[in-house]
Amino acid sequence: MPVLQKDAQRALELLQQYRAKLDQRQQSQNPTKQGPAEEDHQLQQSLDRVINVFQSQLFSALLGKNLLVRPSTTITVLYTSS
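Residues numbered from 1 in each chain as written. Predicted model: local features only at pLDDT ≥ 70, side-chain atom pairs only at ≥ 80, totals over all residues. Heavy atoms only, no water.

Participant: Hey, could you go over the pattern of salt bridges for me, with residue numbers and the actual values?
Facilitator: Enumeration over the complete set of coordinates arrives at four salt bridges. Arginine 10 serves as the salt-bridge partner of glutamate 13, at 3.8 Å between the closest nitrogen and oxygen. Taken together, the residues glutamate 13 and arginine 10, both in helix H1 (residues 5–28) and three residues apart, mark about one turn of the helix. Residue classification places arginine 10 among the partly exposed positions, given a relative accessible area of 43%. The closest approach of N and O atoms between arginine 25 and aspartate 40, which form a salt bridge, is 2.6 Å. On the criterion of sequence distance, the pair formed by arginine 25 in helix H1 and aspartate 40 in helix H2 (residues 35–55) is long-range, its members being 15 residues apart. We classify arginine 25 as partly exposed; its relative accessible area is 44%. Sharing partners across several salt bridges, the network here consists of Arg19, Asp23 and Asp48. (Salt bridge = Lys/Arg side-chain N within 4 Å of Asp/Glu carboxyl O. Helix = DSSP H or I, 4+ residues; strand = E, 2+ residues; numbered from the N terminus. Buried < 20%, exposed > 50% of the residue type's maximum accessible area, 1.4 Å probe, protein only.)

Shown next, in the form of structure tokens:
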């Protein structure tokens, strides 16, 4: 099943919306609660990385090639805590 540009654009929009909701939640959260805030921060960093990939010229060029994504293909997001 080919990955279409419009599908990738929709996925990017959804990621950006979710990222914005995390920002809002973090701003409205009680400053004394550090546990969830740290997890949210790590999630935000991971989302930023994925969003940057979706916005990259390389990703756009690869989509232009109509690459096929096999159903068995698994995408793994790795991150390191700083």
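Picking up after the structure, the text goes on.
Participant: I'd love a proper account of the environment of glutamine 16, names of residues and values included.
Facilitator: Looking at the element boundaries, glutamine 16 is found in helix H1. On the basis of relative accessible area, glutamine 16 is assigned to the partly exposed category, the value being 33%. In this structure the C-alpha to C-alpha distance between glutamine 16 and isoleucine 51, which are 35 residues apart in sequence, comes to 7.3 Å. The contact partners of glutamine 16, leaving out residues within four places of it in the chain, are Ile51 and Gln55. (Contact = heavy atoms within 4.5 Å.)

Geometry only, nothing functional implied.
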